[in-house]
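# Survey of secondary and tertiary structure
The residues making up each chain are set out below.
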Amino acid sequence: MLLMQPLPTPCPADLVPDATGQDAFTAAYRQAQQQRVVFVAVESQGPRWAVKADALTAPEHAIDAAAYEAVREAVIHLIGIREVRSDSLAGPVYFVLHDVDGEERARELAAALHAALYGDPEPLASCLRSS
């Protein structure tokens, strides 16, 4: 079993777990459940990456309407500029960005998504400006 440090909320890009492979995904998801925080991770899918977030691991955390709307609009924008695939998901509790170009960008988007889900949409807005 992988031992992982507790993650801050929101999680900075360099601490976003790499959940590539079933064992890594299970460990990262379990850690989020145990900490009762929103799950966030990146996952290698060949040369491209996925960003995943799931609020079901944080039962006491409520995503407010403004935060959800900011995330939804960001995902629509990323799909529109073809930075992520059209089958990416924008909640309401599970979020996936498919086909991100590179681990660094995936981590940046994951951290920004996590911050938005915790009520700070600025990192996500900044990510969109850099795309």
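Placed above this text is the structure.
Moving on, we come to a nonpolar patch on the surface. Residues Leu56, Leu89, Val93 and Tyr94 make up a contiguous nonpolar surface patch of about 340 Å² in total accessible area. By the element assignment, valine 93 lies in the loop between strand E3 (89-90) and strand E4 (94-100). Given the relative accessible area of 34%, valine 93 is considered partly exposed.

In total, this model carries ten salt bridges according to the counting rule given. Notably, a salt bridge pairs lysine 52 with glutamate 43, separated by 3.2 Å at the nearest N-O pair. Among the salt bridges present, the one from arginine 48 reaches aspartate 101, with a minimum N-O distance of 3.3 Å. Of this pair, arginine 48 sits in strand E2 (residues 48-54) while aspartate 101 sits in the loop between E4 and helix H3 (103-117), and the two are 53 residues apart along the sequence. Connected through shared salt-bridge partners, Arg48, Asp99 and Asp101 make up one network.

What follows is about helix H2 (residues 65-80). Helical geometry: 3.6 residues make up each α-helical turn, so side chains three or four residues apart lie on a common side. Given a rise of 1.5 Å per residue, 16 residues ought to cover 22 Å, and the 22 Å separating the end C-alpha atoms of H2 matches this to within 8%. When we look at burial in H2, the residues that qualify are Ala67, Val71, Ala74, Val75 and Leu78. Looking down the long axis of H2, one finds its buried residues gathered within 100° of arc, a one-sided arrangement. H2 presents Ala65, Ala66 and Gly80 as exposed residues on the side facing more than 90 degrees away from its buried surface. Taken together, the buried residues of H2 touch E3, E4, H3 and helix H4 (122-129). Where H2 begins, the side chain of aspartate 64 points an oxygen toward the backbone nitrogen of alanine 66, at a separation of 3.2 Å. The first or second residue beyond H2 is arginine 82, which carries a positive phi of 60°.

Read from one edge to the other, the open sheet built from four strands follows the order E1-E2-E4-E3, with strand pairing classed as antiparallel. For this open sheet the edge positions go to strand E1 (39-45) and E3, each flanked by a neighbour on one side alone. As paired elements, E3 and E4 share two bridges and run antiparallel to each other. Its bridge partner lying in E4, alanine 90 is registered against phenylalanine 95. The sheet strands contacting H3 are E1, E2 and E4, and the helix crosses E2 at an angle near 15°.

Attention shifts here to the packing of aromatic side chains. Tallied over the entire structure, the rule returns three aromatic pairs. Judged by centre distance (5.3 Å) and plane angle (70°), the ring pair of phenylalanine 25 and phenylalanine 39 falls under edge-to-face. Here phenylalanine 25, found in helix H1 (residues 22-35), pairs with phenylalanine 39, found in strand E1; they are 14 residues apart in sequence, far enough to count as distant. Centre to centre, the rings of tyrosine 29 and phenylalanine 39 are 5.1 Å apart; their planes meet at 55°, and the pair counts as tilted. Residue tyrosine 29 is located in helix H1, and its partner phenylalanine 39 is located in strand E1; the two are separated by ten residues in the primary sequence. Residue classification places tyrosine 29 among the buried positions, given a relative accessible area of 18%. Taking the relative accessible area as the measure of exposure, phenylalanine 39 reaches 1% and is therefore buried. Clustering of aromatic rings is evident, with ring pairs tying together Phe25, Tyr29 and Phe39.

Conventions we followed
Residues numbered from 1 in each chain as written. Predicted model: local features only at pLDDT ≥ 70, side-chain atom pairs only at ≥ 80, totals over all residues. Heavy atoms only, no water. Patch = residues over 30% accessible without salt bridge, like charges linked within 9 Å, V, L, I, M, F, W, Y side chains within 5 Å. Areas by Shrake-Rupley, 256 points an atom, 1.4 Å probe, with all protein chains shown as cover. Salt bridge = Lys/Arg side-chain N within 4 Å of Asp/Glu carboxyl O. Helix = DSSP H or I, 4+ residues; strand = E, 2+ residues; numbered from the N terminus. Buried < 20%, exposed > 50% of the residue type's maximum accessible area, 1.4 Å probe, protein only. Expected span 1.5 Å × (residues − 1). Arc of directions from axis to C-beta. Contact = heavy atoms within 4.5 Å. Polar contact = N/O pair within 3.5 Å; in protein donor to acceptor, adjacent residues only side chain to side chain. Pairing = 2+ DSSP bridges. Axes fitted to C-alpha atoms, helices over the stretch in contact; angles between N-to-C directions. Phe/Tyr/Trp six-rings, centres within 6.5 Å; stacked < 30°, edge-to-face > 60°.

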